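Inside the fold
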Amino acid sequence: MILVTRLNGSVFAVNPDLIQRVEATPDTVITLVDGAKFVVTEPLSEVVERVMAFRARVVATAHSLEETGTAEILELPAHPHIDTTTSDTDGELPAPVPLHRRRP
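Residues numbered from 1 in each chain as written. Predicted model: local features only at pLDDT ≥ 70, side-chain atom pairs only at ≥ 80, totals over all residues. Heavy atoms only, no water.

A look at the overall build of the protein chain
Helices and strands together make up the secondary structure of the protein chain, namely one helix and five strands. Ordered by position from the N terminus, the helices and strands of the protein chain form the series β-β-β-β-β-α. Considering only contacts within the protein chain whose residues lie at least 6 apart along the sequence, 36% involve residues at least 24 apart. A total of about 8,100 Å² of accessible surface is found on the protein chain, and carbon and sulfur atoms cover 57% of it. (Helix = DSSP H or I, 4+ residues; strand = E, 2+ residues; numbered from the N terminus. Contact = heavy atoms within 4.5 Å. Areas by Shrake-Rupley, 256 points an atom, 1.4 Å probe, with all protein chains shown as cover.)

Pasting the structure below:
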């Protein structure tokens, strides 16, 4: 998921695999494969960079799984509009939940 900001300032997450296109008209409009549209404050180039970073993290995690058998936890970039200093978790993410592998 990538974080983007609506024009009213609220932040939400979008699954980049569901993005059909991103347009600058002049506002940035994200269109999903189901036709849903979202107008966001980030410029088109920033949305593209976040999608690329997301995909790079997916590939890096898959590579780590192949190399070590366990995934390294990759830090997500902070969103500029989210203040993690006031959360009750001191800005820390909860511990990851281990995934069970399928048996052949």
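Structural notes on unusual backbone geometry
Across the junction of threonine 25 and proline 26, the peptide omega takes the value -5 degrees, indicating a cis bond. Looking at the secondary structure, you find proline 26 in the loop between β3 (19-24) and β4 (28-32).

Side note on the environment of asparagine 15
Looking at where asparagine 15 falls in the secondary structure, it is placed in the loop between β2 (11-14) and β3. C-alpha separation for the pair asparagine 15 and phenylalanine 54, spaced 39 residues apart in sequence, amounts to 9.6 Å. A distance of 2.9 Å separates the side chain of asparagine 15 from the backbone nitrogen of aspartate 17, its partner in a polar contact. (Polar contact = N/O pair within 3.5 Å; in protein donor to acceptor, adjacent residues only side chain to side chain.)

Describing the pairing of strand β5 (residues 37-40)
Burial of β5 is one-sided: the residues Phe38 and Val40 facing one way are buried, the residues Lys37 and Val39 facing the other way are not. Where β4 lies against β5, four bridges are found, and the strand directions are antiparallel. Within the sheet, the bridge partner assigned to threonine 31 lies in β5 and is lysine 37. Connecting β4 to the next strand, β5, in antiparallel fashion are four residues, including glycine 35 with a positive phi near 95 degrees. (Buried < 20%, exposed > 50% of the residue type's maximum accessible area, 1.4 Å probe, protein only. Pairing = 2+ DSSP bridges.)

Some details on the sheet that holds β4
Pairing in this open sheet of three strands is antiparallel, and the strands run β3-β4-β5 from one edge to the other. Every other strand in the sheet has two partners, leaving β3 and β5 as the edge strands with one partner each. Taken pair by pair, the neighbouring strands of this sheet meet at an average axis angle of 20 degrees, ignoring direction. Against the sheet, helix α1 (residues 44-68) touches β3, β4 and β5, its axis set at about 150 degrees to β3. (Axes fitted to C-alpha atoms, helices over the stretch in contact; angles between N-to-C directions.)

Overview of a nonpolar patch on the surface
A cluster of nonpolar side chains, namely Leu44, Val48 and Met52, defines an oily patch on the protein surface of about 250 Å² accessible area. Along the chain, valine 48 falls in helix α1. (Patch = residues over 30% accessible without salt bridge, like charges linked within 9 Å, V, L, I, M, F, W, Y side chains within 5 Å. Salt bridge = Lys/Arg side-chain N within 4 Å of Asp/Glu carboxyl O.)

Describing the side chain of arginine 50
Inspection of the secondary structure assignment puts arginine 50 in helix α1. Separated by 2.4 Å, the side chain of arginine 50 and the backbone oxygen of leucine 3 make a polar contact.

A short note on the packing of aromatic side chains
Applying the stated criterion across every chain, the model contains one aromatic pair. Relative to phenylalanine 38, the ring of phenylalanine 12 has its centre 5.1 Å away and its plane inclined at 45 degrees; by these criteria the two rings are tilted. Linking phenylalanine 12 in strand β2 with phenylalanine 38 in strand β5, this pair joins segments that are 26 residues apart in sequence. In this structure, arginine 6 is placed above the aromatic ring of phenylalanine 12, and the distance from its NZ or CZ to the ring centre is 4.3 Å. (Phe/Tyr/Trp six-rings, centres within 6.5 Å; stacked < 30°, edge-to-face > 60°. Lys NZ or Arg CZ within 6 Å of the ring centre and 35° of its normal.)

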